[in-house]
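Coordinate inspection notes
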Amino acid sequence: MINAFLKEVIVYVAGKPAENITEILSTKKHVNEFLIAKKIDLTINQTRNILYKISDNGLVSSIRKKDNKKGWYTYFWKIENLKSLEFLKQVLLKQIEQINNHIKSRESKQFYICERCNIELTEEKALLHNFTCDECGDVFKIKDNFKLLREFKKNLEKLKNKIYLIDQEIEKEKGKIEKQKVVEGKKLDKEKAKETIKKGLARKKLAEMNLKNKKATLKKPKKKKSFKQKKNLPSVVGLKNKKRR
Ligand SMILES: [Zn+2]
C-alpha cells in the first residue's frame, strides 16, 4: 500500500518520468546516484533534475561521499517515507477543500448552459447575455447540478478513504522511527558502557601503575631521600643568602 502512495507523490512532484525512481529509492540505505541513473535508464543530469525536484519538497534525503581519487562528490539518495506520506496527505487535503468549495458553489448558485455549444455560465453572466447564447442563439437552460454534485461527493469519499489509509501508513512509519530510536539508544548505551568500562580499566591500570611506582619508591631506602634532603637543605639556604647580598 505504501509503495503506491510513494509512487503517487513522487509523480506528483516530479512528473511521469520519475515514476520508476520510487522503488529504487525505497531502501534502508542511500543509493548511489549513478546507479539510480543506470537503473531508470536516464542520463545522470536527467536523474539529478528529478532528484532535485523531489528533494526540493523534502521527500528524499541525501548523503555525499568524496571520491578521493577524482576529488569530486557523489550523492547517495533515499526516499523519506514519513515526509512523503505527510506531503501526499496535504495534497489530498487541498483537493478536498477545492471539491468542498465546488459543492458549496453548486449548491448555492444557479448555473446555465447552452446544450448545443456545451458551454456553462454563472447566473450573472447568463443574465448579461440575456439568457441567450451568443454563438448559436439558443436559449440557455438551467444546469442540473444533481449529477455533478453526486460526482463531487463520490470523489470526496474516495479522498477521505485514501487519507484514512495514508494515516495508517503514517502511524506505521512513526512506529518504525520510534523503534529505530530505541535501537540506536541501546547501541549508544552499549557504547557508553564500553567506554566507561574502558575508562574504568584505564583508571585501574593507572592506579596499579601508581601503586607500583609508589612501591618502587617505597622500596628504595628511605634513608637515601632523607639524606638528599639533608644535603640539599644547606645549599638552598646558602643560595638564598647569596641572592640577598
Ligand atoms: Zn450555443
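For the structure itself, look to the data block above.
Here we summarise the structure given alongside this text. Every chain is numbered on its own, with residues counted from 1 as its sequence reads. Two thresholds apply to this predicted model, a pLDDT of at least 70 for residue-level local features and 80 or more for giving and counting side-chain atom pairs, whereas whole-chain, interface and lining totals are computed over all residues. Excluded from the side-chain calculations are hydrogens and water; all other atoms, namely the structure's heavy atoms, are used.

Sheet analysis places strand β2 (residues 60-66) next to strand β3 (residues 73-79), joined by 7 bridges and oriented antiparallel. Looking at β3, one finds that Arg64 is bridged to Tyr75. We call two strands paired when DSSP finds no fewer than two bridges between them. Runs of H or I in DSSP of at least four residues are treated as helices and runs of E of at least two as strands, each being numbered from the N terminus. The antiparallel pairing of β2 with β3 creates a hairpin that spans 6 residues between the two strands, and Gly71 there sits at a positive phi of about 85 degrees.

On to the packing of aromatic side chains. Aromatic rings from Phe, Tyr and Trp, with only the six-membered ring used for Trp, were paired whenever their centres fell within 6.5 Å, and each pair was classed as stacked if the ring planes differed by under 30 degrees, edge-to-face if by over 60, and tilted otherwise. With the rule as written, the count across this model stands at 4 aromatic pairs. For the ring pair Tyr75 and Trp77, a centre distance of 6.3 Å and an interplane angle of 35 degrees mean the geometry is tilted. Exposure remark for Tyr75: the relative accessible area of 30% places this residue in the partly exposed category. Pairwise contacts between aromatic rings join Tyr52, Tyr75 and Trp77 into one cluster. Counting as a charge over the ring demands two things of the Lys NZ or Arg CZ atom: a distance within 6 Å of the ring centre and an angle within 35 degrees of the ring normal. Across the ring face of Phe76, the terminal group of Lys65 is positioned such that the distance to the ring centre comes to 4.5 Å. Across from the ring centre of Phe111, 3.8 Å away, lies the NZ or CZ of Arg106, which sits over that ring. Throughout, exposure labels follow a simple rule: accessible area from a 1.4 Å probe, protein chains only, divided by the maximum for the residue type, with under 20% read as buried, over 50% as exposed, and the rest as partly exposed.

Turning to the pattern of salt bridges, a few remarks are in order. By convention in these notes, a salt bridge is any Lys or Arg side-chain nitrogen within 4 Å of a carboxyl oxygen on Asp or Glu. The full count for this structure, using the stated rule, is 14 salt bridges. Salt-bridge contacts for Lys162 lead to Glu8; the nearest nitrogen and oxygen are separated by 2.8 Å. Taken together, the residues span a long stretch of sequence, with Lys162 in helix α7 (residues 146-219) and Glu8 in helix α1 (residues 2-14) at a distance of 154 residues. Residue class for Glu8 comes out partly exposed when judged on its relative accessible area of 29%.

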